[in-house]
Amino acid sequence: MTSTTDFTIPARSTARPWVRWIIIAAIAVVLIVGPLILPEFANQTAARIGVFAVAVLGLNVVMGYAGQVSLGQIFFVGLGAYVTAYGVTQDWNIILVFALACILPGVVGLIVALAASRLGGLAIAMVTIALPIVGVPLAKRLSEFTGGSQGISARFSAAPEWTGLYNDQWQLYIVILITVIVFLLTRNLVHGKFGRALAIVKSNEAVAASMGISPYWYKVLAFTIASIIGGVAGFMYMVVVQYTSPETMSFAHSISLLAAMVIGGAGSIVGSLLGGAYYVLVPQWTNLINPSMTAFFQGIILLAILFLLPGGLASLPRAVRRLTKRSSGSGRPNGPAGAASAPSDPPSHPSPQEKRHNT
């Protein structure tokens, strides 16, 4: 028995890294080759999924990992889009534009977090709700910077001639590059010391304070990081759509973003990607069925997933494994329960020879 276990453990430990690297290589091949072979509509759809996957990821940092209620993430997406559009129309360097699209939403998020993170429950929810509600009329009034109600367009993501790519292919490559970098950085962040501290703050703030972890400052940092990620999503939005208006940061989009996070999986990196796919694909599918009943179908899908998979689509593999374990355990005739209920053999009485031998 010992030799068997000693043999299988090294085999598993050497097999797992190979499987992981094969999966990573396969994903890399798909991301590199996919934009070249997919049609234009598919590339544009995939690019939109990347944009809103990053937006959902920012919301997941503040809600899924930090446990704060935030209903204003779409405001930072819209702010990043407006900063990008204004910088492009002013012929600023695109690297500077990208930096400002990250920094300005981060500064606004920090200011809001400093005031709101001491609040809890409905109070902080009301503060975040106010962001898109105030942002829409503010964008309409600041027409010199935002284009007013008509919005503002900025075309800066056309494919360079030396690439030999079409515009949709070039834009998708930009989105893939930024999305991969943001997801990897966020994954390292939430799986490191910062993420462990956030988990303690989320579960019990009193315990976190007793361990020297400041719940207030970690909430502020989580909200600020989510705002920066929202600004990155806004920059990517302008790469793909090349137009933004006050409608971009409306409260209805904020609720849809929240639903996408819940359906994808709160507190899950993979769930953020699934949430972005839901945000883009489900409205397209429901519009094909009946455009006037889009909201109804989306509500049905949301309720169904919440009842069947409370952890979101990211928890589907765990649910399948649990079901397979239960089915295999119930169908096994010689399991622990079967062994307990099996009739025991009658006690054997030693023979006279055995008694003499024992004595």
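Treat the numbers as computed from the prediction; the structure is a model and nothing was measured.

Before we go on, may I ask you to explain the overall build of the chain in this structure?
Within the chain, the secondary structure is distributed over 16 helices and two strands. Buried residues in the chain amount to 40% of all 359 residues. A total accessible area of about 20500 Å² is found for the chain, and carbon and sulfur atoms account for 68% of it.

Before we go on, may I ask you to explain the layout of surface pockets in this structure?
Rolled over the atoms, a probe sized like a water molecule indicates the empty space that remains. Estimated volume of the largest pocket: approximately 1400 Å³. Around the largest pocket, the lining is made up of 32 residues, and of these I27, L31, V180, F183 and L273 lie nearest the centre. For the lining of the largest pocket, the secondary structure elements donating two or more residues are α1 (2-37), α2 (40-65), α7 (167-190) and α12 (269-289). Ranked by residue count, the leading element in the lining of the largest pocket is α7, at eleven residues. Classifying every residue of the lining of the largest pocket gives 25 nonpolar, five polar and two charged. Taken as a whole, the second largest pocket holds about 560 Å³ of empty space. Forming the walls of the second largest pocket are 24 residues, and the residues nearest its centre are H253, S256, Y279, P283 and Q298. Listing elements by their share of the lining of the second largest pocket, those giving two or more residues are α2, α3 (73-89), β2 (243-244), α11 (251-264), α12 and α13 (294-308). With five residues, the single largest contributor to the lining of the second largest pocket is α12.

Which parts of the structure should I look at to understand the environment of F76?
The topology assignment puts F76 in helix α3. F76 sits in the buried class, given a relative accessible area of 1%. Distance from F76 to A101, taken between C-alpha atoms, is 9.4 Å for residues 25 residues apart in sequence. Non-local contacts of F76, meaning those with residues more than four positions away in its chain, are made with P105, V108, G109, L131, F223, S227, G230 and G231.

What's the story with the confidence of the model for the chain in this structure? I'm lost.
Keep in mind that low pLDDT regions are not for reading the predicted coordinates in detail. Scored by pLDDT, the chain comes out at a mean of 85, with 86% of its residues at no less than 70. Note on residues 1-15: pLDDT under 50 across the span, and zero contacts to partners over four residues away in sequence or across chains.

How should I be thinking about the pattern of salt bridges in this particular structure?
Should the charged atoms of two oppositely charged side chains come close, the side chains can pair. The full count for this structure, using the stated rule, is one salt bridge. Notably, a salt bridge pairs E205 with K219, separated by 2.5 Å at the nearest N-O pair. Of this pair, E205 sits in helix α9 (residues 205-210) while K219 sits in helix α10 (residues 215-240), and the two are 14 residues apart along the sequence.

Is there a simple way to think about the nonpolar core in this case?
In a soluble, globular protein the nonpolar side chains are often hidden away together inside. With 74 residues, the main nonpolar core has F52, V54, V182, V232, M236 and L257 as its most contacted residues. Those residues in contact with F52 that lie beyond four places of it in its chain are Y237, L257, G276, Y279 and V280.

Can you walk me through the packing of α2 against α11 in this structure?
Angle between the axes and distance between the axes: these two values describe a pair of packed helices. One can describe the packing of α2 onto α11 by two numbers: an axis separation of 9 Å at closest approach and a directional angle of 75°. Taken together, the axes of α2 and α11 are roughly perpendicular relative to one another. Residues F52, A55, V56, L59, N60 and M63 of α2 pack against L257, L258, A260 and M261 of α11. Split by residue class, the contact of α2 with α11 holds nine nonpolar, one polar and no charged.

Conventions used here
- For every chain, the first residue of the written sequence is number 1, and numbering continues from 1 along that sequence.
- Local features in this predicted model are restricted to residues of pLDDT 70 or higher, and side-chain atom pairs are both shown and tallied only at a pLDDT of 80 or more, whereas totals for entire chains, interfaces and linings draw on every residue.
- Where side-chain values are given, they derive from all heavy atoms of the structure, hydrogens and water being excluded.
- Here a strand is any run of E in DSSP of at least two residues, a helix any run of H or I of at least four, and the numbering for each starts at the N terminus.
- Throughout this description, buried means an accessible area under 20% of the type-specific maximum (1.4 Å probe, protein chains only), exposed means over 50%, and partly exposed covers the range between.
- Accessibility throughout is a Shrake-Rupley quantity obtained with a 1.4 Å probe, and a residue counts as covered only by protein chains that appear here.
- Residues are called lining when one of their atoms sits within 4 Å of a cavity or pocket point, these points coming from a 1 Å grid over the protein atoms alone, where a cavity is a set in which a 1.4 Å probe fits but cannot get out and a pocket is an open set with protein on both sides within 12 Å along at least five of seven lines.
- Grid points are joined across faces, edges and corners, and a volume is the space filled by probe spheres set on the points.
- Under the grouping applied here, Gly and all other residues not named as nonpolar or charged are polar, the nonpolar ones being Ala, Val, Leu, Ile, Met, Phe, Trp, Tyr, Cys and Pro and the charged ones Asp, Glu, Lys and Arg.
- Residues are treated as being in contact if the distance between any of their heavy atoms lies within 4.5 Å.
- Looking at any residue, its pLDDT shows the predictor's confidence there, from 0 to 100.
- Put simply, a salt bridge is a Lys or Arg side-chain nitrogen that is within 4 Å of an Asp or Glu carboxyl oxygen.
- Take the buried Ala, Val, Leu, Ile, Met, Phe, Trp, Tyr and Cys residues and link them wherever side-chain atoms come within 4.5 Å; each set so joined is a nonpolar core.
- For helices, the fitted line uses only the C-alpha atoms of the stretch in contact; every axis is such a line through C-alpha atoms, and the angle between N-to-C directions lies from 0 to 180 degrees.
- Comment on the angle field: the value is read as roughly parallel under 35 degrees, roughly antiparallel over 145, roughly perpendicular from 65 to 115, and oblique elsewhere.

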